[in-house]
Amino acid sequence: MFLIDCPWCGPRQQTEFHCQGEAHIARPKDPDALSDEEWANYVFNRTNPKGVHFERWVHNHGCRRWFNVARDTVTDRILAIYRMGEKRPKVKS
Amino acid sequence: MSKYSIFSLARNALSYHEDWQRAWRSPDPKPEYDIIVIGGGGHGLGTAYYLAKEFGYKNVALLEKGWLGGGNTGRNTTIVRSNYLWDESAALYEHALKLWEGLSQELNFNVMFSQRGVMNLAHNLHDWRELNRRVHAIRLNGIDSEILTAAQVKKEAPIFNVSPDSRYPIMGASIQRRGGTARHDAVAWGYARAADARGVDIIQNCEVTGLTIRNGKIEGVETTRGAIRAKRVGVVVAGHSSVLADMAGFRMPVESNPLQALVSDPIKPVLDCVVMSSAVHVYVSQSDKGELVIGAGSDLHVSYSQRGSFDIVEGIMGALCELVPMVSRLKMMRQWGGIVDVTPDRSPIIGKTPIDGLFVNCGWGTGGFKATPGSAHVFAATLAKGEPHRLAEPFALDRFHSGRLIDEAGAAAVAH
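What counts and what doesn't
Residues numbered from 1 in each chain as written. Chains lettered and ligands numbered in written order. Predicted model: local features only at pLDDT ≥ 70, side-chain atom pairs only at ≥ 80, totals over all residues. Heavy atoms only, no water. Helix = DSSP H or I, 4+ residues; strand = E, 2+ residues; numbered from the N terminus. Buried < 20%, exposed > 50% of the residue type's maximum accessible area, 1.4 Å probe, protein only. Contact = heavy atoms within 4.5 Å. Lys, Arg positive; Asp, Glu negative; His and termini not counted. Charge placed at Lys NZ, Arg CZ, Asp CG, Glu CD. Axes fitted to C-alpha atoms, helices over the stretch in contact; angles between N-to-C directions. Parallel < 35°, antiparallel > 145°, perpendicular 65-115°, else oblique. Left-handed = near helix turned anticlockwise from the far one by under 90°. Nonpolar A, V, L, I, M, F, W, Y, C, P; charged D, E, K, R; others polar. Phe/Tyr/Trp six-rings, centres within 6.5 Å; stacked < 30°, edge-to-face > 60°. Lys NZ or Arg CZ within 6 Å of the ring centre and 35° of its normal.

1. Thoughts on the overall build of chain A
No. 1: Counting secondary structure elements, chain A contains one helix and six strands.
No. 2: Put simply, chain A runs from its N terminus to its C terminus through helices and strands in the order β-β-β-α-β-β-β.
No. 3: Structurally, chain A occupies a C-alpha span of about 45 × 30 × 20 Å along its principal axes.
No. 4: Counting every position in chain A, which comprises 93 residues, the buried fraction comes to 37%.
No. 5: Put simply, of all contacts in chain A between residues at least 6 apart along the chain, 45% involve residues at least 24 apart.
No. 6: Here chain A contributes 15 positively and 12 negatively charged side chains, and the mean placements of these two sets differ by 8 Å.

As structure tokens, this is what we get:
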């Protein structure tokens, strides 16, 4: 369990938040043009890295706002917190 | 390999049990093998065993980065059952259960398989209807499954509170009497010993650091103990499947999450079956040592940390104290986490990968232990022939783009 520094509310317990999976997965601009493999890649395939993971969290028992987190999946250490729509920051695990 | 028996026990007693033969060798890796199995858990060790026994492969290596059975094989709650809803799952898990039934004799190693029955509780009308539907579907597949009323649940498991006024009232349950538990470590050790006796090189402390691929075909593996060539490679690494796939340059529909379990202090026998409740994410049985073995839910974020969040423990213990009031007087002795590889449809992935000669067996998620012998057997057949075994075919990686998913997330009696 870890503390998460909500960009709007400050540090709160992880139990107030919900992880919503990998960040920066762009919805294909023209889904009709995709092959079944490309569509499956968008819907199902994930990076699932052992190391730095860029992921979306929502403060669902707080301000209910979304933001991105860079977290080391081995140590659970949070390396960066940044707003939705921002580019992924350069971080070192 | 000397056979374990009452006579070998007596013979070794004469030398104060100091001269027992080692259960398996510790060979150095050879430069080349016909088949390399990566991952020394139950599924991997079983795969190596069936490759040697059923398919006559003499030149097989099993690589394990740590020690045998040190991952999820040694961290699960040892529940074995085959009461799955969909035909594909039912066939696969029932194949496993049938192998479980003869496993101790086959391996000459007591895996302490105990068919004490596995009960799944229904707490509300929806649970009850779903459970009835499931029981009948399972029976149509020729797998034993019964319905119990609340009074029958009380008779089978008297420590449970079946009062209609309780926080989680028990309306009834399903029970698979052929289900039960097994000694998880013994499964790894038994397969390791039997595989080694048939010539499989089991190489521990040997981590795979890279895969050698040329023109889309596997040629071998890079390890911490040097490069090893192989014609075929089987990846059976559970939570680390994405890491191995990354080495091969493709992505998988898998996310790795921590799943937790804990045990109480040992007490006199109070529970002689396994009881699961999907609604409150708890499953409990009593080990032969007397500890209550309690399984919890998984964290929902990606993690390789092998430890889970305390709020999950708090949540399930709160629920368990309501279901089994006597638990409030117990101390919990140990708590741990394992990293489970969860797929979008909660069914495993067995078969080919985009790399020729590289095969994968993963995605068993929160319920791989029960499938160990069946998973190992069908994967060995797949590796041996280069084509998926009949029972493994529906679980191919390409189902995620063909759309033929086997959705066991809400369907099976799985506590996710």
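2. Section: the packing of helix α2 (residues 42-53) of chain B against helix α10 (residues 372-385) of chain B
Residues and elements named next belong to chain B.
No. 1: Contact geometry for α2 and α10: axes closest at 7 Å, N-to-C directions at 50°. One way to sum up the angle between α2 and α10 is to call them oblique. Between α2 and α10 lies a crossing whose hand is right-handed. Two secondary-structure elements touch here, α2 through G42, H43, G46, T47, Y50 and L51 and α10 through T372, P373, S375, A376, H377, F379, A380, L383 and A384.
No. 2: Taken together, the residues that form the contact of α2 with α10 break down as eight nonpolar, seven polar and no charged.

3. Observations regarding the packing of aromatic side chains
No. 1: On inspection of all chains with the given rule, the structure shows 13 aromatic pairs over all chains.
No. 2: Consider the rings of Y4 of chain B and W20 of chain B, whose centres lie 5.7 Å apart with planes at 85°: the pair is edge-to-face. Of this pair, Y4 of chain B sits in the segment before α1 (6-14) while W20 of chain B sits in the loop between α1 and β1 (32-38), and the two are 16 residues apart along the sequence.
No. 3: The partly exposed category is assigned to W20 of chain B, whose relative accessible area is 31%.
No. 4: Among the aromatic residues, those joined into a ring-pair cluster are Y4, W20 and F109 of chain B.
No. 5: Taking NZ or CZ as reference, R88 of chain A lies 5.1 Å from the ring centre of F54 of chain A, over its face.

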